[in-house]
Amino acid sequence: MNKKGLAILMRTRMRPSDSTKLTLSPLTNEVNQMAQNSQPNRSNPRVSQLQGNKNLNASSNTEREYELVRESMHSAISMNKAEVLDSVLNDFSEGYSSLNHENRRRLLLLLAKEYDLNRAQVRELIKQYLGLEVPSGLGENAESSTGVEDEPLLSAFYRIERNLRHALKPVYEVLFERLNTHPGGLKFLTVLRADILSILAEENIASLRALDSYLKEKLSTWLSPAALELHQITWDDPASLLEKIVAYEAVHPISNLIDLKRRLGVGRRCFGYLHPAIPGEPLIFIEVALLKDVAQSIKEVLWDDPPIPEFEATCALFYSISSTQPGLSGINLGKFLIKRVITLVKREMPHISTFATLSPIPGFMQWLLSKLASQSKLAEAEDVSQSSVDSSGSAFWENILEPEEEKALMDLSEGVATGKNGMEVMLNLLNSTNYEWTNSAELLSALRSPLIRLCARYLLQEKKRGKALDSVANFHLQNGAMVERINWMADRSEKGLRQSGGLMVNYVYRLENIEEYAQSYFSKGHINASADLHRLVKVICCA
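A quick note: this is a predicted structure, and the numbers were derived from the prediction, not measured.

Reading the values: the criteria
- Residues numbered from 1 in each chain as written.
- Predicted model: local features only at pLDDT ≥ 70, side-chain atom pairs only at ≥ 80, totals over all residues.
- Heavy atoms only, no water.
- Phe/Tyr/Trp six-rings, centres within 6.5 Å; stacked < 30°, edge-to-face > 60°.
- Helix = DSSP H or I, 4+ residues; strand = E, 2+ residues; numbered from the N terminus.
- Buried < 20%, exposed > 50% of the residue type's maximum accessible area, 1.4 Å probe, protein only.
- Lys NZ or Arg CZ within 6 Å of the ring centre and 35° of its normal.
- 1 Å grid on protein atoms, 1.4 Å probe; cavity = no way out; pocket = protein on both sides within 12 Å on 5 of 7 lines; lining within 4 Å.
- Points joined across faces, edges and corners; volume = space filled by probe spheres on them.
- Pairing = 2+ DSSP bridges.
- Right-handed = clockwise from strand over helix to strand, strands pointing away.
- Contact = heavy atoms within 4.5 Å.
- Polar contact = N/O pair within 3.5 Å; in protein donor to acceptor, adjacent residues only side chain to side chain.
- Axes fitted to C-alpha atoms, helices over the stretch in contact; angles between N-to-C directions.
- Parallel < 35°, antiparallel > 145°, perpendicular 65-115°, else oblique.
- Left-handed = near helix turned anticlockwise from the far one by under 90°.
- Nonpolar A, V, L, I, M, F, W, Y, C, P; charged D, E, K, R; others polar.
- Patch = residues over 30% accessible without salt bridge, like charges linked within 9 Å, V, L, I, M, F, W, Y side chains within 5 Å.
- Areas by Shrake-Rupley, 256 points an atom, 1.4 Å probe, with all protein chains shown as cover.
- Salt bridge = Lys/Arg side-chain N within 4 Å of Asp/Glu carboxyl O.
- Lys, Arg positive; Asp, Glu negative; His and termini not counted.
- Charge placed at Lys NZ, Arg CZ, Asp CG, Glu CD.

### Considerations on the packing of aromatic side chains
What the rule picks out here adds up to 10 aromatic pairs. Both rings, one in Phe92 and one in Phe188, keep their centres 5.6 Å apart while their planes meet at 85°; by these two values the pair is edge-to-face. Taken together, the residues span a long stretch of sequence, with Phe92 in helix H4 (residues 82–98) and Phe188 in helix H10 (residues 185–200) at a distance of 96 residues. Among the residues examined, Phe92 registers a relative accessible area of 1% and is labelled buried. You can call Phe188 buried: its relative accessible area is 6%. Just above the ring of Tyr66 sits the side chain of Arg106; from NZ or CZ to the centre is 3.8 Å. Positioned over the ring face of Tyr521 is Lys467, at 5.8 Å from the centre of the ring.

### Focus: the layout of surface pockets
Taking a probe equal in size to a water molecule and rolling it over the atoms shows the remaining empty space. Approximately 1000 Å³ is the volume found for the largest pocket. Contributing to the lining of the largest pocket are 34 residues, with Ile284, Ile321, Ser323, Ser471 and Phe475 lying nearest its centre. Counting only elements with at least two residues in the lining of the largest pocket, the list comes to strand E3 (284–291), strand E4 (315–323), helix H15 (333–348) and helix H20 (471–478).

### Here we look at the pairing of E4
The buried count for E4 comes to 7 of 9 residues, which makes it a mostly enclosed element. Bridge analysis of E3 against E4 gives 8 bridges, and the strand direction is antiparallel. The partner of Ala289 across the bridge, within E4, is Leu317. Bridge count between E4 and strand E5 (residues 354–357): 4 bridges; the pairing is parallel. The residue of E5 that forms the bridge with Cys315 is Thr354. Once the chain exits E4 it traverses H15 before rejoining the sheet at E5, and the crossover so formed is right-handed.

### Examining the environment of Leu179
Here Leu179 is to be found in helix H9 (residues 172–180). On the basis of relative accessible area, Leu179 is assigned to the buried category, the value being 0%. The residues contacting Leu179, other than those within four sequence positions of it, are Leu89, Phe92, Gly185, Leu186, Phe188 and Leu189.

### Examining helix H18 (residues 422–430)
Because each turn of an α-helix spans 3.6 residues, side chains separated by three or four positions in sequence point in the same direction. Counting buried positions along H18 yields 7 of 9 residues, so the element is predominantly enclosed. Within H18, burial applies to Gly422, Met423, Val425, Met426, Leu427, Leu429 and Leu430. A distance of 3.2 Å separates the backbone nitrogen of Met423 from a side-chain oxygen at the start of H18, and that oxygen is part of Asn421.

### A look at the packing of helix H17 (residues 403–412) against helix H19 (residues 441–460)
Contact geometry of H17 with H19 gives a least axis separation of 10 Å together with a crossing angle of 150°. Compared by their axis directions, H17 and H19 come out roughly antiparallel. Judged by the twist between their axes, the crossing of H17 over H19 is left-handed. Two secondary-structure elements touch here, H17 through Glu405, Ala408, Leu409 and Leu412 and H19 through Glu442, Leu443, Ala446, Leu447, Ser449, Pro450 and Arg453. For the contact of H17 with H19, the per-class residue count stands at 7 nonpolar, 1 polar and 3 charged.

### Focus on a positive patch on the surface
Residues Arg159, Arg162, Arg165 and Lys169 make up a contiguous surface patch of positive charge. The topology assignment puts Arg159 in helix H8 (residues 151–167).

### Topic: the side chain of Arg457
Here Arg457 lies in helix H19. Note on Arg457: relative accessible area 16%, which makes it buried. Among the polar contacts made by the side chain of Arg457, one reaches the side chain of Glu462 at a distance of 3.2 Å. In contact with Arg457, not counting residues within four places along its chain, are Trp367, Lys371, Glu398, Ile400, Glu462 and Val537.

### Digging into the packing of helix H6 (residues 119–131) against H8
Two elements in contact, H6 and H8, have axes separated by 10 Å at closest approach and are oriented at 160°. In terms of orientation, H6 lies roughly antiparallel with respect to H8. In this structure, H6 crosses over H8, and the sense of that crossing is left-handed. Counting all contacts with H6, which are made through Gln121, Val122, Leu125, Ile126, Gln128 and Tyr129, the residues of H8 involved are Phe157, Ile160, Glu161, Asn163, Leu164 and Ala167.

### Description of the sheet that holds E5
An order of E1-E2-E3-E4-E5-E9-E8 is seen for the 7 strands of this open sheet, with the pairing classed as mixed. The strands lining the two open edges of the sheet, one partner per strand, are strand E1 (229–232) and strand E8 (482–487). Neighbour-to-neighbour, the strand axes of the sheet open up by a mean angle of 30°, direction not taken into account. In the packing of H19 onto the sheet, the strands contacted are E8 and strand E9 (504–509), and the crossing angle to E8 comes to about 160°.

### A short note on unusual backbone geometry
The phi dihedral of Tyr435 is positive, around 55°, even though this residue is not glycine. You can see Tyr435 is positioned in the loop between H18 and H19. Since its relative accessible area comes to 13%, Tyr435 is described here as buried. If you check the backbone angles, Met489 has positive phi at about 50° while not being a glycine. Within the secondary structure layout, Met489 lies in the loop between E8 and helix H21 (494–500).

Next comes the structure, spelled out in structure tokens:
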């Protein structure tokens, strides 16, 4: 093994420490609990007193640490001396990183509430603004519709508007702006936001939500495509960069160094977005396979050995896209990354004519099992007949299986799975923890039609706030892709079976339609899909 391989192997034995997580691991909690339960001999007053003093001192030190970080945060916001500001920002970021979960929470809530905007000042300025007399003829173009005599009044409008814009900026903006220009500050801000998101996942706090929204907006501006560098990641890159690719690969884990080298070698590409303020660490990266045709299973991508000659490839397949920073959640860097990669690949390899994905469907099984469980309960409660439903049945009940699918499942249910109807049989089969159904040709045959058809329904019709319910579908659709094909047993890994019953989907990026499709999805929630998929859900194709 060469030095680079050894370095990567040693560095990736443990995933990079995630300082963004506020909660302790179950193992840590268990160890702490054991420590609490195994206190020294309580019958010895001296030992008990020493232990109490130790706990008191620890609590006192923790509180002192919090106060020091709070003071450094206040100084970082309020002081204007440039020569000491860097030192204060260092004290704040380093001190914050040493705080425990509860004190981080306290500090962020303090920042959100005590350093918010001055609403009394905003209200007063609004009153002044509303009290101004509007010059006659003041329209959309103030310069052309008012005379010289109105200039003083217009000046009053402009002055209050300027003051109002300033007053509407929260005080914590100063901290964000200063950290952004401070070495290591941008990376620290992503950690700060990851902590905010972690707290918001447990508590819906309005002031903290406003803080998150403001920081997210700032990060979106600072991480605009113009500020990012598109870098092709190769085996020649430093081991420190490659170990991050191994550690942060979120879709298809990299199994060993041979696997990593293959993904960066002939017939493969890996591109990442880097920012000058966070050197050596991709914010997001995408893996690409150069193929003859659009792959129908992940095995074609990950175990294609040897790959075809690159000059024979006609398809660039995106098979994995991973973000490395939890604090950038909701900031769609992937949209710009995909578009830039398409442009780059097209320029370097004109013979590539198809740009597609082989994507997981992470929410499908959760939706399907929930649907099957609820409909089975309704069927039992209403005593609905398997063959027909009269008008007196529950308005919420529907047999999501076609008659031939129902019959196929019931015919195979004896000795395999119990159930009063096809939905219950299907639910019991899919709920098996060891996925026995994947080892039976008969069960695979019976499940194929309903799983593919219901997956098409899930991708094209199930929505949340007017957008696709599936997170990966929503990501590609808002980027301008269309849903092309659902692939049967495309990922038979434990994760693939658990998330989507082994199904994967191809999204296709048609260069001439990307902007049109993205706009129709954004404005109307319209999902563009192939005619085959539309027929599966009995929707007339509008292509």
